[in-house]
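Residue strings, one per chain:
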Amino acid sequence: MNQEKLPNVVVVGGGTGMPVLLRGLKDLPIDLTALVTVADDGGSTGRIRNEMEIPAPGDIRNVIAALSDAEPMLIELFQHRFDVCNGLSGHSLGNLLLAAMTSITGNFNMGIREISRVLNVKGKIYPISNENMSLHAEMEDGTIVSGESNIPLANKKIKRVFLSPQPVEPLPNAVRALNRADLIVIAPGSLYTSIMPTIIMPQIVEAIKDAKGQVVYVCNVMTQEGETTGYTAADHVQAICDHIGDASIDAIVVHNEPIEKAIREVYAEENATPVVYDTQRLIDMGLQIIEGDIIDPTQPTLRHDNNKIASLLYSLLKK
């Protein structure tokens, strides 16, 4: 098939859900682009951000590993986290390599491109912005919590999140990718701290609203304490619409099988419960509901099955 004829699929987000999605999509006959959050400020990522004043590399690193076709040992090396008791402790080698390549090229996006080339990445990876940004949340009680890692710890109901410094400029390539997309996928992940930072910049909002292709949200299977406690599937969608406008999302992908009791009990210790799919409300919001048994039963924690979810998403391109 001619390269030009491949459908353009853009996946937006961050956190643990996005790499799972990308692993399934990377071998399909599509032109794949990942637009990744850079608002993380915890752990190794946070230290590198503060010391080098670059966008957060952690989520980018995981996406590179997911899309890489390099030798498994090389990917393991890239993902290796030092646990020695010195200045390297807690750092991931991939984060350090991204920081080094940014220093060499003078540009975070160029650094990602060069690392991607070295690790034989399939598809394109763009940070949502080349800028070092911070995430803030306004809570229902009016208090402001600053820092991506601090927001869930406040354990308050979130009214909205926003970025600083204003205005944060998105990467032009990210906007262009959305404009060209035949399918835009909002990945599962932490709703306010992984998903929102990638979609709330004005130019990104406009690109999603004006998208020629379908915009599909892959809904989380479990709620997350401090972010989405008690949220139904429609509550997740409503939160996104509150930030980027109504009728921004065309379809939602949901898991339609019960969660095993043993797994529910593990998550209950983190005050996480299965997301309730309030079907009628989703229909009333004008959403197409795409449902299936999309959880990987071989995993000890709940993870989307990358092949099942990829097949579901790919089927949307044929309609």
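Residues numbered from 1 in each chain as written. Predicted model: local features only at pLDDT ≥ 70, side-chain atom pairs only at ≥ 80, totals over all residues. Heavy atoms only, no water.

What about helix α3 (residues 58-67)?
Consideration 1: Of all ten residues that make up α3, nine are buried, and the element is covered over most of its length.
Consideration 2: Burial in α3 covers these residues: G58, D59, I60, R61, V63, I64, A65, A66 and L67. (Buried < 20%, exposed > 50% of the residue type's maximum accessible area, 1.4 Å probe, protein only. Helix = DSSP H or I, 4+ residues; strand = E, 2+ residues; numbered from the N terminus.)

Here we look at the pairing of strand β9 (residues 251-255)
Consideration 1: Taken across its five residues, β9 has five buried, putting it largely inside the fold.
Consideration 2: Residues of β9 alternate between two faces, with A251, V253 and H255 on one and I252 and V254 on the opposite face, all of them buried.
Consideration 3: Two elements, strand β8 (residues 214-218) and β9, share three bridges in a ladder whose sense is parallel. The residue bridging V218 from the neighbouring strand is V253, located in β9.
Consideration 4: In this sheet, strand β10 (residues 288-292) lies alongside β9 in parallel orientation, the contact comprising five bridges. Note that in β10 the partner of V254 across the bridge is E291. (Pairing = 2+ DSSP bridges.)

Looking at the sheet that holds strand β7 (residues 183-186)
Consideration 1: Overall, parallel pairing links the seven strands, which are arranged β3-β2-β1-β7-β8-β9-β10 in an open sheet. A strand with exactly one partner marks an edge of an open sheet, and here the two such strands are β3 (124-127) and β10. Taken pair by pair, the neighbouring strands of this sheet meet at an average axis angle of 20 degrees, ignoring direction.
Consideration 2: Bridge count for strand β1 (residues 8-13) against strand β2 (residues 31-36) is six bridges, and the pairing is parallel. (Axes fitted to C-alpha atoms, helices over the stretch in contact; angles between N-to-C directions.)

What about the packing of aromatic side chains?
The geometry of an aromatic ring pair is captured by two quantities: the separation of the ring centres and the angle between the planes.
Consideration 1: On inspection of all chains with the given rule, the structure shows one aromatic pair.
Consideration 2: With centroids separated by 6.3 Å and ring planes inclined at 80 degrees, the aromatic side chains of Y192 and Y231 adopt a geometry described as edge-to-face. Taken together, the positions of Y192 in helix α8 (residues 191-199) and Y231 in the loop between β8 and α10 (233-244) put the pair 39 residues apart, joining distant regions of the chain. (Phe/Tyr/Trp six-rings, centres within 6.5 Å; stacked < 30°, edge-to-face > 60°.)

What to know about helix α5 (residues 93-105)
Consideration 1: If you check α5, its first and last C-alpha atoms are 18 Å apart, about what 13 residues at 1.5 Å a residue would give, namely 18 Å.
Consideration 2: For α5, the full list of buried residues reads L93, G94, N95, L98, A99, M101 and T102.
Consideration 3: Between a side-chain oxygen at the N-terminus of α5 and the backbone nitrogen of G94 the separation is 3.2 Å; the capping residue is S92. (Expected span 1.5 Å × (residues − 1). Polar contact = N/O pair within 3.5 Å; in protein donor to acceptor, adjacent residues only side chain to side chain.)

Quick look at the domain arrangement of the chain
Consideration 1: By the assigned domains, the chain splits into domain 1 (1-37 + 131-318) and domain 2 (40-127).
Consideration 2: The straight-line distance from the C-alpha centre of domain 1 to that of domain 2 is 22 Å.
Consideration 3: Each partner contributes residues to the interface: domain 1 has 25 residues there, and domain 2 has 24 residues.
Consideration 4: Summing both partners gives a buried area of about 2,000 Å² for domain 1 against domain 2, and 50% of it is carried by carbon and sulfur.
Consideration 5: By the criterion of area lost to domain 2, the three top residues of domain 1 are K26, V36 and N132, representing 28% of everything that side buries.
Consideration 6: Our enumeration of links across domain 1 and domain 2 arrives at three salt bridges. (Domains from an automatic or database assignment. Contact = heavy atoms within 4.5 Å. Buried area = accessible area lost by both parts, 1.4 Å probe. Salt bridge = Lys/Arg side-chain N within 4 Å of Asp/Glu carboxyl O.)

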